[in-house]
Amino acid sequence: MPVALLPETPSQTAGPYVHIGLALAAAGNPVRELEIWNEMAKPDASGEHILLIGQVFDGMGQLVRDSFLEFWQADHAGVYHTCFDPTQSFNSFGRTATMFEDGQWTVHTVKPGPVMDRTGVMMAPHVGLSLFARGINIHLHTRIYFDDEAEANAKDPVLNSIEWVQRRETLVARRCEIDGKLAYRFDIRLQGEGETVFFDF
């Protein structure tokens, strides 16, 4: 007997509800005792501690001040922690939002180690990122690479799958220093000149 498949539920824009449920501080609500937020690495976590920081711009170059971002990465040794555990010094999953007046988002983490893809090819250190925002029906997927990993980036199979070489640069975060701490700046452009490469995962 043939299996009757149900149609896919239509996607909806994120609207304000993603913040109310998942980014309480950004929505102006009291924060829960257990919150998955932007501290992926606690001070005692192993590895090189970094700050990821950036802004989100629309096709007109205007700041998107109410976007919501999720991050997924390996630890410093290239190992993914598949279960979120608030008692651990590092978790592979984190969230943040463009909740400040200047539209910036921040994540405290450690620089990830290289990991192999499913075919056994080594990938450069990177952070997976999903972006939710008003007017975006299906959240966008992209990656953050690091500009001081040029040799690894040149061999990365995902970066090399991008046909236009100059567009690969839209996935590379720039090393900088903020308040004496190592940071990487990664701005996201949704459309137009310098549009960030997004993947259909």
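What counts, and at which threshold
- Residues numbered from 1 in each chain as written.
- Predicted model: local features only at pLDDT ≥ 70, side-chain atom pairs only at ≥ 80, totals over all residues.
- Heavy atoms only, no water.
- UniProt positions renumbered as here; feature names shortened; annotations may be inferred.
- Helix = DSSP H or I, 4+ residues; strand = E, 2+ residues; numbered from the N terminus.
- Rg over C-alpha atoms; globule rule 2.2 N^0.38 Å.
- Buried < 20%, exposed > 50% of the residue type's maximum accessible area, 1.4 Å probe, protein only.
- Contact = heavy atoms within 4.5 Å.
- Areas by Shrake-Rupley, 256 points an atom, 1.4 Å probe, with all protein chains shown as cover.
- Lys, Arg positive; Asp, Glu negative; His and termini not counted.
- Charge placed at Lys NZ, Arg CZ, Asp CG, Glu CD.
- Core = buried A, V, L, I, M, F, W, Y, C linked by side-chain atoms within 4.5 Å.
- Pairing = 2+ DSSP bridges.
- Salt bridge = Lys/Arg side-chain N within 4 Å of Asp/Glu carboxyl O.

- In the nomenclature of an unreviewed UniProt entry, the protein is known as Protocatechuate 3,4-dioxygenase of Stutzerimonas stutzeri.
- We quote the UniProt Sequence similarities (unreviewed entry) comment for the protein here in full: "Belongs to the intradiol ring-cleavage dioxygenase family."

### Some points on the overall build of the protein
No. 1: In terms of regular secondary structure, the protein is built from 4 helices and 11 strands.
No. 2: At 18 Å, the protein has a C-alpha radius of gyration in line with the 17 Å of a compact globule built from 201 residues.
No. 3: Principal-axis analysis of the C-alpha atoms gives the protein an extent of 45 × 45 × 45 Å.
No. 4: For the protein, buried positions account for 42% of its 201 residues.
No. 5: Looking at the protein alone, contacts between residues at least 24 apart form 66% of all its contacts between residues at least 6 apart.
No. 6: Put simply, the protein shows about 11600 Å² of open surface, and 54% of that area lies on carbon and sulfur atoms.
No. 7: Positive and negative charge centroids in the protein, built from 16 and 27 side chains respectively, lie 1 Å apart.

### Focus: the nonpolar core
No. 1: Of all hydrophobic cores here, the largest spans 22 residues; its most connected members are Leu52, Phe71, Trp105, Leu129, Ile144 and Ile188.
No. 2: At the level of secondary structure, the elements contributing two or more residues to this core comprise strand E1 (49-57), strand E2 (68-73), strand E4 (104-110), strand E7 (127-132), strand E8 (140-146) and strand E10 (181-185).
No. 3: Those residues in contact with Leu129 that sit more than four places away from it in its chain are Leu69, Glu70, Phe71, Leu140, His141, Thr142, Ile144, Phe186 and Ile188.
No. 4: Residues Ala124, Leu171, Val172 and Val197 belong to the second largest nonpolar core, which totals 12 residues.

### Comments concerning the UniProt feature "domain: Intradiol ring-cleavage dioxygenases" (unreviewed entry) in the protein
No. 1: UniProt's feature table lists "domain: Intradiol ring-cleavage dioxygenases" (unreviewed entry) at residues 52-80, given in the numbering used throughout.
No. 2: Annotated as residues 52-80, this span is 0% helix and 41% strand, and its ends, taken at the C-alpha atoms, are 18 Å apart.

### Here's the deal with the pairing of E8
No. 1: Summarising burial for E8: 5 of the 7 residues are buried, a large majority.
No. 2: Bridge count between E7 and E8: 5 bridges; the pairing is antiparallel. When the sheet's bridge partners are listed, Leu131 is paired in E8 with Leu140.
No. 3: In terms of strand pairing, E8 meets strand E9 (residues 172-178) through 2 bridges, oriented parallel. Looking at E9, one finds that Tyr145 is bridged to Val172.

### Brief notes about unusual backbone geometry
Comment: phi is negative for the bulk of residues other than glycine, and the bulk of peptide bonds are trans.
No. 1: With a phi close to 50 degrees, Asp179 is a non-glycine residue in the positive phi region.
No. 2: When you line up the elements, Asp179 lands in the loop between E9 and E10.
No. 3: A relative accessible area of 74% places Asp179 in the exposed class.

### Some words on the environment of Ser46
No. 1: Tracing the sequence through the fold places Ser46 in the loop between helix H1 (17-22) and E1.
No. 2: Its relative accessible area of 48% is what places Ser46 among the partly exposed residues.
No. 3: Sequence separation between Ser46 and Pro125 is 79 residues, and the spatial gap between their C-alpha atoms is 16 Å.
No. 4: In this structure, Ser46 is in contact with His76 and Val110, ignoring residues within four places of it in sequence.

### Things to note about the pattern of salt bridges
No. 1: Summed over the entire model, instances satisfying the criterion amount to 7 salt bridges.
No. 2: Its salt-bridge partner being Glu169, residue Arg174 comes within 2.7 Å of it at the nearest N-O pair.
No. 3: On the basis of relative accessibility, which here comes to 42%, the residue Glu169 falls in the partly exposed class.

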